[in-house]
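Analysis of the macromolecular model
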Amino acid sequence: MVLLNLIVLVFSLALGVAGYHWLVGIPRLVDCVYAAAMIMGGMGPVGDPIPNDAGKWFASFYALYSGVGLLASVGLLLAPLLHRIMHRLHLESSAERD
């Protein structure tokens with residue numbers, strides 16, 4: 001599960017870097033990584049306002065994608081732990097009751 005989350009994280013960061021470089025127009029790679037990482041981490045946008053409409057569309061959808069991706073990855077990482085806790089507390093799921 002951790003490896004899958006790491007792959008998704010790297011893919012998402014690469015997607016953000018590419019979008020910030022080609023659609024938003026940020027010329028330096030390190031600035032693209034910084035902008036994408038800040039959005040992915042939930043810190044919000046950084047830098048100057050986005051000058052073009054394509055960049056604004058990209059930034060909007062990338063922020064939504066990153067928020068949902070963060071929630072999904074945390075859920076995938078915590079699912080085995082929560083499942084183990086439920087077994088320790090002898091809680092049963094609705095499928096096990098039937």
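Residues numbered from 1 in each chain as written. Predicted model: local features only at pLDDT ≥ 70, side-chain atom pairs only at ≥ 80, totals over all residues. Heavy atoms only, no water.

Section: helix α2 (residues 29-40)
Across its 12 residues, α2 extends 16 Å between first and last C-alpha, which sits within 8% of the 16 Å expected from 1.5 Å per residue. The inward-facing, buried residues of α2 abut α1 (2-24) and α3 (53-88). (Helix = DSSP H or I, 4+ residues; strand = E, 2+ residues; numbered from the N terminus. Expected span 1.5 Å × (residues − 1). Contact = heavy atoms within 4.5 Å.)

Looking at the packing of aromatic side chains
All told, the structure shown has 5 aromatic pairs when counted by the stated rule. With a centroid separation of 5.4 Å and 85° between ring planes, the pair formed by Y20 and F58 is classed as edge-to-face. Of this pair, Y20 sits in helix α1 while F58 sits in helix α3, and the two are 38 residues apart along the sequence. Looking at Y20, the relative accessible area reads 6%, which means it is buried. (Phe/Tyr/Trp six-rings, centres within 6.5 Å; stacked < 30°, edge-to-face > 60°. Buried < 20%, exposed > 50% of the residue type's maximum accessible area, 1.4 Å probe, protein only.)

Topic: the environment of P45
Within the element layout of this structure, P45 appears in the loop between α2 and α3. For the pair formed by P45 and V10, sequence separation is 35 residues and the distance between their alpha carbons is 19 Å.

Quick word on the side chain of S66
Along the chain, the position of S66 falls in helix α3. S66 sits in the buried class, given a relative accessible area of 7%. With residues up to four places along the chain from it excluded, the contact list for S66 reads I39 and M40.

Side note on the confidence of the model for the chain
When pLDDT is averaged across the chain, the result is 89; 92% of the residues are at 70 or more. Per-element confidence in the chain is highest for α2, whose mean pLDDT is 95, and lowest for helix α4 (residues 94-97), whose mean pLDDT is 61. (pLDDT = per-residue confidence, 0-100.)

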